Every structure is written in C-alpha cells, then in structure tokens.
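Observations on the model geometry
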Amino acid sequence: MELLKKAIAGTMESSDIMVEIIPWEKDLEINLKSDVEKQYGNQIRSLVKEVLEEGGVKNACVNLNDKGALDFVIKARVKTALYRASQGGSYE
Amino acid sequence: MSKLRRTMLYVPGSRPSMIKDIYIYKPDAIMFDLEDSVSLKEKDSARFLVSEALQNVDYRGIETVVRINGLDTEFGQEDLKMMVKAQPDVIRLPKTETAEDVKEVEKIIEDLELEYGIEKGKTKMMAAIESATGVMNAMEIAKSSDRLIGIAIGAEDYVTNLKTKRTPEGTELLFARCQLLNAARSAGIAALDTVYSYVENMEGFRKEVEHIKGLGFDGKSIINPRQIETVHEVFTPTVEEYEDALQVLEAIKRAEESGSGVISLNGKMIDKPIVERAKRVVELSKIN
Amino acid sequence: MDKYKIDFKDKGKITRKSKVREDLEKVIDELEIQDSMTISFHHHFRNGDVVGDMVMKILDKKGIKNLTIFPSSLTSAHDHFGEYIKSGLIGRICTSGLRGKLGQDISSGILEEPVVIRSHGGRARAIISGDEKIDVAFIAAPHCDVQGNANGFEGKSPCGSLGYAQVDARYAEKTVVLTDDLTEEVAIPYSIPAYDVDYVVEIENVGIKEKIMSGATRAVTNPKELLIAKQTAQVIEELDIVKNNFSFQTGSGGSSLAVTKYLRDSMIKKNVVADFALGGITGHIVKLHEEGLVKKLMDVQSFDLSAVASLKNNKNHFEIDASYYADYSNTGNSVNRLDVVVLSALEIDTDFNVNVITGSDGVFRGASGGHSDTAAGSKVCIVVAPLVRGRIATVKEKVLNIITPGSTIDVLVTDHGVAVNPKRVDIIDKLKNSKVKIMDINELKEMAEKITGKPEKINYTDKVVGLIEYRDGTIIDKVYQVK
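Structural notes on the overall build of chain C
Along chain C, the regular secondary structure elements total 15 helices and 29 strands. For chain C, whose C-alpha radius of gyration is 23 Å, the value lies close to the compact-globule estimate of 23 Å for 483 residues. Counting every position in chain C, which comprises 483 residues, the buried fraction comes to 57%. Counted over contacts in chain C with a minimum sequence separation of 6, partners at least 24 positions apart contribute 73%.

Shown next, in the form of structure tokens:
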C-alpha cells in the first residue's frame with residue numbers, strides 16, 4: 001500500500017485508540033502513549049507493527065494515543081488510518 | 001421453532017466501547033449500524049470497526065445484523081464488500097422501496113460470496129421499509145428473495161414521508177404496521193417493529209410493545225439495553241397461557257394415542273392453528 | 001481543693017470559653033508539637049477537606065520533621081502531600097486510602113517508611129489498643145460550641161456523621177476542633193463531646209462546600225451497572241435474605257448503589273421491612289427509611305446532603321463511630337450483625353481474594369475502607385464488578401495485593417456471569433435450582449483474559465512501600481515499589 005498523506009483515525013474515548021500515520025522516508029517508528037502501557041504496551045506495539053507489515057507499509061511514523069482499546073479496535077483503527085492515508089486504496 | 005427475534009438491539013458502528021461487549025444484555029439480535037447513527041466522516045472507520053468486531057469478538061451465538069448504507073449512497077458498495085467478508089448473519093437494507101432494491105443487493109452479495117469462497121446463501125437479508133412507497137410495496141418486497149428473513153418498519157422517516165408525526169397512540173403507523181405484518185406472514189418471514197426513542201418513558205414503551213405484540217409482530221428494534229427486559233416480558237406467555245397450552249398439547253397426545261379424529265377440549269374444537277399456537281407458547285415459556 | 005476554689009468574681013466565666021483560640025498556629029505552638037509525633041485528621045470532608053493541609057503547612061513552616069500522619073483516609077485534597085514528604089515533614093503515613101498523585105508518588109518510592117493501610121475497623125482497633133498513639137487529633141467540625149461539643153450535621157458546610165473522628169477525639173493525647181460555625185449555644189446532640197476536646201479554633205471555612213458532598217447521590221442509569229445490580233438483587237432474593245428484620249449494607253458507587261433500588265422493589269413485593277441499613281449512608285437509603293422500609297440507619301459516613309438532613313431530623317438515623325461500626329475487637333460491632341453486604345472490587349482472583357487498594361499496574365489507587373470488615377462480619381458478602389474495565393480484567397489468577405481474603409468473599413456478580421466461593425456449599429445449593437446461573441470463577445477468568453489478552457507482569461523493586469494490615473492487626477500483604 002502506498003501512503004499519500006498523513007491520516008488520523010479513532011477517538012480519545014475510553015476503550016478507543018487514536019492512530020496517526022505520517023508517511024516519511026525513514027524506517028517505521030511507533031510512538032505509544034497508553035493508559036495500560038505496563039500491562040499491554042509491548043503487545044500493542046507489536047500488533048500495530050503486524051498490521052502495518054500486512055499492509056506492506058515500511059516507511060511511516062505512527063503515533064498512538066490509547067485509552068484501553070482491545071486488539072480488534074486497534075486493528076480496525078490502524079487499518080482505517082492506512083485506508084485514509086492511502087486515500088481509499090484497497091487494504092489488500 | 002423459528003428463530004426468536006423479540007429484540008434487535010441497535011449499536012452505532014462507530015463506538016468501540018459499546019461494540020466490544022454489547023452481548024452482555026442478551027438481546028435476541030444485535031444490529032451494528034453503519035447508516036444513520038454514524039456521521040459521514042466516520043462511515044469508513046465504522047466499517048472497519050464492525051468488520052474487525054465480527055471477526056474477533058465472540059457474540060455468544062446472538063444473531064448479528066449489519067445495517068449498511070443504501071446503494072444510492074457513496075458508502076453502500078464498500079459496506080457490502082467489507083461486511084459480506086466479515087460474515088454477519090444478516091445484512092439489513094435501509095429505506096427499501098421495491099423488490100428491485102432487494103434484488104440489486106442480493107446480486108452483489110451473491111457475487112461477493114463467490115469471490116470470498118463463502119457458502120452461497122449463507123448471508124441472509126432484512127429489509128427496512130421507511131416510506132409510503134415501501135409500505136405499498138411491502139408484499140413484493142417480502143417475497144423478493146429467499147435470503148430475506150424479515151422486514152421492519154422505520155417509523156421516523158415514514159411519518160415524515162406521510163407529512164405527519166408520531167403520537168403515543170400510534171394511529172399514524174397502524175396501516176403501515178398491519179400492511180407489513182400481512183406481507184411478512186404471507187411470505188413466511190419475520191415482522192419487526194420500529195424503535196421507541198423515549199428511553200425514560202418505560203410506561204409508554206410497554207404500552208407500545210403490548211400493542212404491537214397484539215397486532216402479531218415478532219419483535220421490536222431496541223435502542224437502549226434497558227428496554228430489553230420489558231419486551232422479553234411482554235412476549236413471554238403468562239402462567240395461565242402456558243398451562244392452557246400444555247392442556248392443548250395433552251389433549252392432542254391423548255387423541256393421537258386413542259386414534260380419534262376430532263379433538264375437543266373443554267367443549268371447544270381444537271384444530272391445527274390452535275395446536276400451532278400452543279406449541280409456540282410452550283417453547284416461548286421454556287426460554288424464561 | 002484549692003484548684004477548684006473559684007473567686008465569686010470569676011464565677012461562670014472560667015471554663016466556658018477557655019478552650020477557644022483564634023489562631024491555629026498559636027495552638028500548635030502551645031501544643032509543643034515535636035518531630036516524630038503522630039497527628040491525625042478525618043476525611044469526612046472528602047475532596048473538600050482543607051484542615052489537613054492547613055495543619056501541614058504550619059508544621060512544615062516550623063521545620064517539624066518526621067511526623068506520622070494518621071488520617072482516616074486520604075483524598076484528592078491531599079494530592080500534593082508529596083511535597084511534605086520531600087521536605088521531611090512527613091516520615092510515615094497510616095491511612096485507609098491512597099490515590100491520585102500522592103498514590104503514584106508513594107508507589108514510586110518517595111517515602112522511606114512503608115505506608116500502613118488499615119480498614120476503618122482496623123484503624124479504630126489500632127487506636128484503641130494503643131498500637132498507634134495519636135499525639136494530636138485535628139478535627140474539622142461543621143458546628144461546634146465554645147466548650148468543644150461538636151457535630152457534623154449543622155453549620156454552613158455540614159458533612160453528616162463524624163464517625164471516624166469520634167475515636168480520635170476519645171483516645172488522642174490532645175484534640176483540636178476547627179470550625180467555621182462556632183456558637184455560644186450548647187451543641188447538643190454532639191458527635192464529639194466537649195470533654196474529649198482541648199482546643200477550639202474558629203476558621204473561615206472548614207471545608208470547600210461543593211467538594212464535600214453532592215446535594216443528592218445520582219441515580220444510576222448506566223445500563224451495565226443496572227444489569228449487574230439487577231442480577232445481584234436476584235441473587236439476594238434467591239438466597240432468601242429479604243425477610244422481615246433483615247439488615248444490609250450497600251456501597252456508594254455504580255452497581256452497588258443501584259442494588260439499593262432493586263432491593264427496594266423486592267422488599268415492597270414481599271412486604272418486608274428491614275431492621276437496619278449500615279454504612280456509608282446515601283439519600284437512596286434514606287428514602288427507604290423514610291418510606292418505612294428500613295427501621296433504623298447506622299451511619300458512620302454520610303454521602304450526601306439528603307443523608308445529612310436525615311441524620312439531623314430522623315430519630316432513628318444514628319451516628320456511629322468507627323469502632324462500633326467495624327472494629328474486630330469491639331464485641332458490639334455492627335458488621336457482625338449484617339445479613340448481606342454488597343461491595344465493589346478493583347481485582348478479584350480465582351481464590352476470591354479482593355484488591356481494592358492498587359490498580360492492575362501496581363500503583364495505589366483505592367482504599368481499604370470497610371471492605372474487609374464487612375466481608376468478615378456479614379452472613380453473605382457479594383462483590384459486584386464488571387468483568388473487564390476498559391482493557392483491564394477484574395477477575396484474574398492472582399490479585400496484585402490482598403485487602404480482603406477470599407475466605408470472607410462469598411459471591412461475585414459480574415456482567416458476564418455469577419460465581420460462588422466453592423466453600424459456600426449452602427449458597428451453591430440454594431442457587432442451583434434458581435434462575436441464577438452459576439459459573440466457575442476460573443471460567444470467568446479465562447473469559448476476561450480472552451477479551452483483554454494476557455497482560456505482562458508488573459515489575460517491582462525490592463522496596464516495600466506499603467504494608468496491608470488486616471483488621472486484627474496482622475500484616476497480610478506488602479506493596480512493593482513499582483519500577
């Protein structure tokens with residue numbers, strides 16, 4: 001997937017995660033701010049990485065603000081941000 | 001016994017906090033909405049959210065329904081593409097006016113099922129009728145597809161179309177309700193009533209539920225979990241009804257065993273419709 | 001004999017106002033407070049408390065060091081107390097609750113000496129037994145007369161019951177009452193008798209009115225809380241607890257609060273009148289009392305203005321002190337007479353041990369309160385909680401810290417199902433043939449983990465930052481510093 005612009009998905013509501021994806025030349029960088037950093041920080045980072053890799057994204061800065069989102073919500077928000085960043089390109 | 005659809009609980013497809021555990025309220029069906037309760041900006045995010053939810057959350061065997069945006073909008077096609085893949089039990093069409101509307105969507109679903117390797121016919125459909133034209137075409141809509149498991153009435157848009165407004169008595173909805181019901185029964189599918197928005201008015205709500213149950217509806221759309229209990233209560237047979245039904249079934253059994261043809265109970269002839277009703281009452285009672 | 005001889009000119013003037021002082025600082029000087037002393041205050045003013053900080057400021061200015069502060073609990077009003085730890089003023093803390101910024105500070109290890117966490121009953125026991133000796137008790141009172149009789153239900157910022165403070169006043173070396181409503185008229189009925197009071201100081205505001213309490217406790221509308229409450233009321237009914245002259249205690253938060261409403265429905269349906277309701281008293285419980293459904297109210301802490309008004313006006317609404325409420329060593333304590341108590345929990349494990357003091361990240365964010373006391377005293381103890389809060393599982397393999405041992409917890413009601421402590425064969429029997437479906441608590445734990453994913457273990461250091469003292473004085477758990 002080719003990222004054409006930066007995009008945001010998700011809200012700051014409880015159980016949600018705000019995902020900002022900014023395409024850049026550098027390698028993948030994931031910045032996480034989470035209510036549950038200690039318990040799930042690593043799990044969240046690796047899940048986000050997985051979704052990005054599936055989408056063939058290697059060069060982006062991903063900023064995450066998590067309010068205790070479950071895995072399926074994280075997946076959905078990251079996929080949405082990618083969709084918006086690629087301006088509606090197919091996820092597959 | 002045919003599937004219970006006493007309550008269909010609406011969940012906005014854009015709210016993770018509600019989607020993640022809506023099953024705890026044990027409605028008969030859950031409707032994830034991609035349409036009216038989702039803002040235009042969030043149509044895409046709701047689509048992804050509901051898709052991931054359907055594939056990852058265990059909804060405890062509760063029937064899952066997704067209300068997509070109409071094909072006449074820019075979102076309908078994408079909704080169908082993603083939702084058929086996520087495999088909810090039912091896809092619900094908004095604002096259905098003709099049999100063509102249903103057939104159009106059915107064709108797309110069929111193609112998608114083929115593309116995704118899903119068993120043909122697995123994805124069921126539901127049609128919401130929300131306009132005068134739709135109400136007048138209720139019969140053709142109800143019979144338009146084998147996938148159609150039910151039709152529902154959407155009162156807000158309908159009464160606006162009629163150029164009137166909703167009242168507690170609901171006279172303005174009587175024709176539409178009866179028309180829909182008859183069409184549904186003729187086609188052998190379910191009939192669902194519209195939402196009741198005044199969540200605080202439990203008394204008014206109960207009256208409406210009793211009214212539509214009396215008309216013959218299978219159930220109602222619910223917008224707040226607090227409404228579920230009332231609907232299930234109203235749709236549950238009373239102790240008397242249960243005992244009467246048991247008596248009927250007993251009488252049938254005795255008649256069958258003794259080989260007699262005509263059955264009578266307490267001076268009343270019991271024929272097929274009465275037996276059918278009795279069976280349903282017993283089954284409904286067992287749920288509670 | 002000479003000491004009691006009064007010159008006729010001085011008759012009637014001596015003891016009446018002799019305790020009254022205008023200046024708190026002068027009183028503190030007079031008291032000669034020294035390093036390493038123990039001072040106490042109560043938390044009946046909750047987030048609107050000002051007296052605690054007022055005293056700390058003065059003591060800090062005077063360069064006092066290494067005090068033990070011994071409040072009945074700490075609230076957001078004490079969030080900045082980390083500064084006093086850093087300045088060396090506070091060397092030790094004993095409290096029921098620890099949250100917010102102060103909770104985080106303590107969890108990160110700023111205090112050398114571990115905090116001692118006690119329940120309300122446990123605190124009373126410690127004071128009465130002499131395990132903790134209070135040098136000076138500072139008691140904020142909404143209403144006080146010049147001789148020192150004080151109560152909490154009159155004045156411009158009433159707080160209701162002063163139950164926690166009553167024990168302090170009785171046993172402290174010296175007691176200072178601070179009030180913004182000082183009267184010449186005798187303040188009877190009193191919560192604190194004048195003979196337990198040494199000084200009375202008039203101050204401008206005894207508390208921040210809006211933060212002390214709400215006008216009325218909110219009605220519960222959250223569907224999840226209602227779901228849990230309804231299920232709980234069903235359990236209570238199936239256990240045959242709702243009978244004439246039964247007694248109960250319900251909490252003030254979420255589901256626990258909503259249970260009161262369903263209990264009411266049940267009582268009306270069965271034509272039952274309860275003997276008493278205990279605890280933290282809310283307007284919802286007052287309503288039951290005023291409707292004639294509950295004969296007496298025993299109030300150790302009033303939660304809203306409705307409860308305050310009732311305490312003042314209803315003759316069967318009694319103020320009780322912390323020892324009478326929940327002290328394990330008090331042969332007349334009320335928790336031992338409870339038929340049922342409904343409590344909340346931050347965490348509960350598969351042995352039914354409950355944690356209400358630290359969050360799943362190991363940081364202080366709760367209070368022991370009356371939890372372990374009521375659990376131990378009541379015939380049936382029901383814990384209510386959602387299975388998952390956000391991404392945090394409530395039910396797990398092992399809780400991080402134990403406040404209430406599982407042996408005293410009987411039933412867990414969550415939004416995903418009900419579990420019963422296997423030791424309570426009698427309860428399992430009763431519920432077996434009822435509409436309430438019981439699950440194994442391990443099943444609930446698995447369910448929770450499936451939803452949230454397995455959390456990583458919390459990393460601690462070796463430093464003990466908290467000691468959890470059970471109501472009988474034994475240390476049942478330690479809280480470690482979070483890395």
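Topic: the overall build of chain B
Looking only at helices and strands, one finds 12 helices and 10 strands in chain B. A globule of 288 residues ought to have a C-alpha radius of gyration of about 19 Å, and chain B, at 20 Å, matches this closely. Its C-alpha atoms give chain B principal-axis dimensions of roughly 65 × 45 × 35 Å. By the burial criterion, 42% of the 288 residues in chain B qualify as buried. Within chain B, contacts between residues separated by at least 24 positions form 68% of all contacts whose residues are at least 6 apart in sequence.

Digging into the interface of chain A and chain B
Counting from both sides, the interface comprises 16 residues of chain A and, opposite them, 11 residues of chain B. At nine residues, helix α2 (residues 71-85) of chain A tops the list of elements feeding residues into the side of chain A that touches chain B. By residue class, the composition of the side of chain A that touches chain B is seven nonpolar, three polar and six charged.

Overview of the sheet that holds strand β24 (residues 395-396) of chain C
Residue and element names in this part refer to chain C. Strands sit in the order β19-β18-β24 across an open sheet of three strands; the sheet is mixed. Only two strands of the sheet have a single neighbouring strand rather than two, namely β19 (354-355) and β24. Pairing between strand β18 (residues 347-349) and β24: two bridges, direction parallel. Paired with Ile348 across the strands is Val395, a residue of β24.

A short note on the pairing of strand β28 (residues 460-469) of chain C
All names here are of chain C. Where strand β6 (residues 115-117) lies against β28, three bridges are found, and the strand directions are parallel. Bridging from a neighbouring strand, Val115 pairs with Gly466 of β28. When β28 meets strand β29 (residues 475-482), the two strands line up antiparallel, connected through six bridges. The partner of Tyr460 across the bridge, within β29, is Val482.

Quick look at α2(A)
In a regular helix each residue adds 1.5 Å, so 15 residues correspond to 21 Å; α2(A) covers 21 Å between its end C-alpha atoms and thus fits that length. The buried count for α2(A) comes to 14 of 15 residues, which makes it a mostly enclosed element.

Here we look at the interface of chain A and chain C
Taken together, the 13 residues of chain A in the interface contact 11 residues of chain C. Take the side of chain A that touches chain C: its biggest share by element is five residues, from helix α1 (residues 37-54) of chain A. Classifying every residue of the side of chain A that touches chain C by side-chain character gives four nonpolar, six polar and three charged.

Remarks on unusual backbone geometry
All names here are of chain C. The linkage connecting Ile188 with the following residue, Pro189, adopts the cis geometry, with an omega of -5°. Positive phi, close to 40°, is recorded for Arg46, a residue that is not glycine. Residue Arg46 is classed as partly exposed on the basis of its 18 C-beta neighbours within 10 Å. If you check the backbone angles, Asp240 has positive phi at about 65° while not being a glycine. The residue Asp240 is located in the loop between α8 (223-238) and β13 (247-250) in this model. Judged by the 9 C-beta atoms lying within 10 Å of it, Asp240 is exposed.

Observations concerning helix α2 (residues 51-61) of chain C
Residues and elements named next belong to chain C. Taken together, the buried positions of α2 are occupied by Val51, Gly52, Val55, Met56 and Leu59. The arc that holds the buried residues of α2, viewed along the axis, is 135°, so those residues lie on one side. Contacts made by the buried residues of α2 are with α1 (24-31), β2 (38-40), β3 (67-69), α3 (82-86), β7 (136-140) and β10 (174-179). Positive phi appears at Gly63, one or two residues downstream of α2, with a value of about 75°.

Considerations on the sheet that holds strand β9 (residues 150-151) of chain C
Each strand in a sheet pairs with another by means of backbone hydrogen bonds, the pair being arranged parallel or else antiparallel. Residue and element names in this part refer to chain C. Here three strands make up an open sheet; going across it, the order is β9-β8-β11 and the pairing mixed. Each edge of the sheet is formed by a strand with only one pairing partner; in this case those strands are β9 and β11 (182-183). One ladder, built from two bridges, connects strand β8 (residues 143-145) with β9; its direction is antiparallel. Within the sheet, the bridge partner assigned to Cys144 lies in β9 and is Ala150.

Points about the nonpolar core
B:Ile151, B:Leu180 and C:Ile139 are the most contacted members of the largest nonpolar core, which totals 247 residues. Ranked by the residues each element gives to this core, the list is headed by α2(A), at nine residues. Among all residues touching B:Leu180, those that are not within four sequence positions of it are B:Ile129, B:Val135, B:Ala138, B:Ile151, B:Ile153 and B:Ala191.

Some details on the domain arrangement of chain C
Residue and element names in this part refer to chain C. When the domains of chain C are assigned, the result is domain 1 (15-212) and domain 2 (223-457). Taken over C-alpha atoms, the centre of domain 1 sits 29 Å from the centre of domain 2. Counting only elements with at least two residues in the side of domain 1 that touches domain 2, the list comes to β5 (97-98), α4 (100-107), α5 (120-129) and α6 (163-171). Among the elements that make up the side of domain 1 that touches domain 2, the one with the highest residue count is α5 (seven residues). Taken together, the residues of the side of domain 1 that touches domain 2 break down into 10 nonpolar, 16 polar and five charged.

Points about the domain arrangement of chain B
One can read the domain layout of chain B as domain 1 (7-234) and domain 2 (239-287). The gap between the C-alpha centroids of domain 1 of chain B and domain 2 of chain B is 34 Å.

Cut-off values and rules
- Residues numbered from 1 in each chain as written.
- Chains lettered and ligands numbered in written order.
- Predicted model: local features only at pLDDT ≥ 70, side-chain atom pairs only at ≥ 80, totals over all residues.
- Helix = DSSP H or I, 4+ residues; strand = E, 2+ residues; numbered from the N terminus.
- Rg over C-alpha atoms; globule rule 2.2 N^0.38 Å.
- Buried ≥ 20, exposed ≤ 12 C-beta atoms within 10 Å, placed from the backbone.
- Contact = placed C-beta atoms within 7 Å.
- Nonpolar A, V, L, I, M, F, W, Y, C, P; charged D, E, K, R; others polar.
- Pairing = 2+ DSSP bridges.
- Expected span 1.5 Å × (residues − 1).
- Arc of directions from axis to C-beta.
- Core = buried A, V, L, I, M, F, W, Y, C linked by C-beta atoms within 7 Å.
- Domains from an automatic or database assignment.

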